[in-house]
Amino acid sequence: MQYKRSSQLFHEASQVIPGGVNSPVRAFKAVGGTPIFIQKAKGAYLYDEDGNKLIDYINSWGPMILGHAFEPVVNAVIERTKLGTSFGTPTELETEIAKLAVSMVPNIDKIRFVNSGTEACMSAVRLARGFTKREKIIKFSGCYHGHSDSFLIAAGSGAITFGTPNSPGVTQGTAKDTLLAQYNNIENVKALFDANPNEIASIIIEPVAGNMGCVPPKKEFLQQLRELCTKNGTLLIFDEVMTGFRLAKGGAQELFGVNADIVTFGKVIGGGLPVGAFAARNEIMDYLAPNGPVYQAGTLSGNPLAMAAGLEMLKSLNNDAEIFKRLEEKTAYLEKGIREKLDKNNVVYTINRVGSMISVHFAKNAVEDLQSAAAGDNETFKKFFYGLLQEGVYIAPSAYETWFITDALTYEDLDFTINAVDKVSQNF
């Protein structure tokens, strides 16, 4: 495949945009080379500026669960645009999507819409701190909750040490209130509670991690977190920006049967437009302004275009009784096919999958936390990435990102992908 136009566009972008991109993972730093510039997308396919057609397993990092340019969403946005793009006032549409979201997700009474997953997680932590009147939070190494200061903390030297800033611009004062735990290690979390009695406002976690590749929770891990939080008066926050409305109608709470105190959303809930949200039961949400003392606001929150897109997406998912079964079956089929080809070609690997989230790790041992994810062979991943790209299959340009499956994928697309894996892995 030729990428001359993409290379030219990246050179031009680099003159006026830092690194040539508006989000770092797009820059191909993890795999080297020049990012692909996309012109358009439809269904399961991307079409780049050089005229190449690619089967898409990124799907805008998750929201295109029903495929690109999904007609009900596109039509809703077009019609809504004719009425005005932003008012800065309440609209009936906001109430309509809020009612639907609350009806689909267990254990929430009220929801507030914001503009991104980052904003949703940031607001959820502030709400938890205000509600509990505590300052410290626990997050897990390898879980990404957006670029708010509280979340950009790298792992410390031990289980009960304070974090250190992972980005210039994050202060030591912010870092000291973020405690780091190891994903899937309940004893590590217990040690943090023991070392910080009556100080922890919340635990925030991706119930299925998607930012160290797909990493499922161990059996009982989420329930053990729930019990720890209940025992210690700490709020459990599920960051369902990726998993919400993707793993089930009710997200990870429904799938695993574990109730969080606050849930954050993004991706699918916006139908491809910039939307985030956070939700909880009444007693917690009523701590938000204007009812309560915890302030959170946004001029474009509840933007009518975003609400129109999100409403049509949620309606489509809610009205399709078989959607999550189909997604599960397609992803399982893909996993089985990839395993067969990698085994045939004697490749060292492990695959993690939950529902329609899946990732291939070129690691010998099980991948269950950031440390085991980091043990994967990144050089093999680079060959895998570029090999698939040349075959017309587009996966995330990082070994630390999950793939997202869309219902628009056909079994012919999946077979094409499996055969591409076979061809590429013969050359490892």
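Predicted model only: the values in this text are computed from it and were never measured.

Rules used throughout
- Residues numbered from 1 in each chain as written.
- Predicted model: local features only at pLDDT ≥ 70, side-chain atom pairs only at ≥ 80, totals over all residues.
- Heavy atoms only, no water.
- Phe/Tyr/Trp six-rings, centres within 6.5 Å; stacked < 30°, edge-to-face > 60°.
- Buried < 20%, exposed > 50% of the residue type's maximum accessible area, 1.4 Å probe, protein only.
- Lys NZ or Arg CZ within 6 Å of the ring centre and 35° of its normal.
- Pairing = 2+ DSSP bridges.
- Helix = DSSP H or I, 4+ residues; strand = E, 2+ residues; numbered from the N terminus.
- Contact = heavy atoms within 4.5 Å.
- Axes fitted to C-alpha atoms, helices over the stretch in contact; angles between N-to-C directions.
- UniProt positions renumbered as here; feature names shortened; annotations may be inferred.
- Expected span 1.5 Å × (residues − 1).
- Salt bridge = Lys/Arg side-chain N within 4 Å of Asp/Glu carboxyl O.
- Core = buried A, V, L, I, M, F, W, Y, C linked by side-chain atoms within 4.5 Å.

*Asks:* With reference to specific residues and values, describe the packing of aromatic side chains.
*Replies:* Within a pair of aromatic rings, the relevant descriptors are the distance that separates the centres and the angle that separates the planes. Tallying each qualifying case throughout the model produces 14 aromatic pairs. Here the aromatic rings of Phe385 and Tyr394 are separated by 6.5 Å at their centres, their planes lie at 55°, and the arrangement is tilted. Across the pair, exposure class does not vary: Phe385 and Tyr394 are buried alike. Ring pairs connect the aromatic residues Tyr57, Phe362, Phe384, Trp403 and Phe428, which therefore count as one cluster. The lysine or arginine in question, Lys40, covers the ring of Tyr47, its NZ or CZ lying 5.3 Å from the ring centre. Residue placement shows Lys53 over the ring face of Tyr45; its charged tip is 4.2 Å from the ring centre.

*Asks:* Hey, could you go over the sheet that holds strand 16 (residues 403-404) for me, with residue numbers and the actual values?
*Replies:* The strand order across the open sheet built from three strands is 13-14-16, with neighbouring strands paired in antiparallel fashion. Each edge of the sheet is formed by a strand with only one pairing partner; in this case those strands are strand 13 (350-354) and strand 16. Of the pairings in the sheet, the one linking strand 14 (residues 357-361) to strand 16 comprises two bridges and is antiparallel in character. Note that in strand 16 the partner of Met357 across the bridge is Phe404. Against the sheet, helix 11 (residues 323-344) contacts strand 13, strand 14 and strand 16, and its axis sits at roughly 175° relative to strand 13.

*Asks:* I'd like to hear about the UniProt feature "modified residue: N6-(pyridoxal phosphate)lysine" (unreviewed entry) in the protein, residue by residue, with values.
*Replies:* Sites flagged by UniProt as "modified residue: N6-(pyridoxal phosphate)lysine" (unreviewed entry) map to Lys267. Among the secondary structure elements, Lys267 is positioned in the loop between strand 11 (262-265) and strand 12 (276-280). Accessibility expressed as a relative area gives 27% for Lys267, which makes it partly exposed. Not counting residues within four places of it along the chain, the set of residues in contact with Lys267 comprises Trp61, Gly62, Pro63, Val241, Met242, Gly272 and Val275.

*Asks:* I'd like to hear about the sheet that holds strand 12, residue by residue, with values.
*Replies:* The mixed open sheet is built from seven strands, whose spatial order is 4-12-11-10-9-5-8. Bordering the open sheet on either side are strand 4 (110-114) and strand 8 (178-181), each of which pairs with just one other strand. Taking each pair of neighbouring strands and ignoring which way they run, the sheet shows an average axis angle of 20°. Two elements, strand 9 (residues 200-205) and strand 10 (residues 235-240), share four bridges in a ladder whose sense is parallel. Paired with Ile203 across the strands is Leu236, a residue of strand 10.

*Asks:* I'd love a proper account of helix 11, names of residues and values included.
*Replies:* One turn of an α-helix holds 3.6 residues; hence residues three or four places apart share an orientation. The end-to-end C-alpha distance of helix 11 is 32 Å, a good match for the 32 Å that 22 residues give at a rise of 1.5 Å each. As for helix 11, its buried residues are in contact with helix 10 (304-319), strand 13, strand 14, strand 16 and helix 14 (411-425). Two residues or fewer after helix 11 comes Asn346, characterised by a positive phi angle close to 60°.

*Asks:* Break down the pattern of salt bridges for me, with residues and values.
*Replies:* Close approach of charged atoms allows side chains with opposite charge to pair. One pass over the structure, following the stated rule, counts 22 salt bridges. The partner of Glu283 in a salt bridge is Arg281, and the shortest N-O contact between them spans 2.8 Å. Among the salt bridges present, the one from Glu312 reaches Lys315, with a minimum N-O distance of 3.8 Å. Of this pair, Glu312 and Lys315 are both found in helix 10, three residues apart, which corresponds to roughly one turn of the helix. By sharing partners, the salt bridges in this structure join Arg226, Asp261, Arg281 and Glu283 into a single network.

*Asks:* Explain the nonpolar core residue by residue, including any values.
*Replies:* Among the nonpolar cores identified, the biggest contains 62 residues, and Phe140, Val189, Ile205, Leu225 and Phe245 are the most heavily contacted of them. The dominant element in this core, judged by the number of residues it contributes, is helix 10, at eight residues. Grouped together as the second largest cluster of nonpolar side chains are 39 residues, Tyr3, Ile36, Ala396 and Ala420 included.

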